[in-house]
Amino acid sequence: MQEIILLADLSEEDWARVLRIVEIRHFKTGEDLIRIGDKDESFYILTSGSVDVIVETDGRDPVLARIPEGSVFGEIAFFDGAPRSATIRARSLGTAVRVTRENFDSLAAWEPQIARTLLYDLGRVLAMRLRWTTERNSK
């Protein structure tokens, strides 16, 4: 599955504006950044490293997908407010930008063009992942 790089066309100046509003999270290999069932309405942009999407069944940890640097995770709960649908576990050392609803509201107020681009990118990611899941389940 090809991933979409979020905000790939932002200038350094625009990224600096985003980084003033959001939280930076550093993580180490094996750390759970999100746990299935948790209630949290933020999403993450993976700026370095990689993570696995894991859904535990029957005591196993099957990896459903690998998310590379530049992509996003946690976006479903950001949009629907429901508990987390999977665990996100770090495959390596890395860094992610955490965007809460409050952060996004501030971004939308102060930088509406960046917020609009971010929403379009998130929509494209969701559509691509839904298409991938549909194709995978139809085989």
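Residues take numbers from 1 onward in each chain, read along the sequence in its written order. In keeping with the model being predicted, local features are shown solely for residues with a pLDDT of at least 70 and side-chain atom pairs are shown and tallied solely at 80 or more, while totals for entire chains, interfaces and linings include all residues. Derived side-chain values reflect all non-hydrogen atoms in the structure, with water molecules and hydrogen atoms excluded from consideration.

K.L.:
So what's going on with the pairing of strand β7 (residues 87-90)? Residues and values would help.
P.N.:
Where a strand is regular, its side chains alternate between the two sheet faces. Side-chain alternation along β7 places T87 and R89 on one buried face and I88 and A90 on a second face that is also buried. At least two DSSP bridges between two strands are required for those strands to pair. The helix and strand labels rest on DSSP assignments: H or I over at least four residues marks a helix, E over at least two residues marks a strand, and numbering proceeds from the N terminus. Direction of pairing for strand β2 (residues 32-34) relative to β7: antiparallel, over a ladder of two bridges. Of the residues in β7, the one forming a bridge with I34 is I88. As paired strands, strand β4 (residues 51-54) and β7 are joined by four bridges and run antiparallel to one another. Counted as the bridge partner of D52 is R89 from β7. A 1.4 Å probe rolled over the protein chains alone gives each residue an accessible area, and that area as a share of the maximum for its type sets the label: buried under 20%, exposed over 50%, partly exposed in between.

K.L.:
Report on the sheet that holds β4, specifying residues and quantitative values.
P.N.:
Read from one edge to the other, the open sheet built from four strands follows the order β2-β7-β4-β5, with strand pairing classed as antiparallel. This sheet does not close on itself; its edge strands, each paired only once, are β2 and β5 (63-67). Averaged over all pairs of adjacent strands, the angle between strand axes in this sheet comes to 30°, irrespective of strand direction. What counts as an axis is a line fitted to C-alpha atoms, over the stretch in contact for a helix, and the angles between N-to-C directions run from 0 to 180 degrees.

K.L.:
Requested: an account of the packing of aromatic side chains, with residues and values cited.
P.N.:
Here is the rule: rings of Phe, Tyr and Trp (six-membered ring for Trp) pair when centre to centre is within 6.5 Å. Planes less than 30 degrees apart are stacked, more than 60 are edge-to-face, and the remainder are tilted. For the structure on display, the rule yields four aromatic pairs. Judged by centre distance (4.9 Å) and plane angle (10°), the rings of Y44 and F73 are stacked. You can see Y44 sitting in strand β3 (residues 43-48) and its partner F73 sitting in strand β6 (residues 72-73), a full 29 residues away along the chain. Per residue, the accessibility class of Y44 equals that of F73, and both read buried. Members of the aromatic cluster, connected to one another through ring pairs, are F43, F78, F79 and F104.

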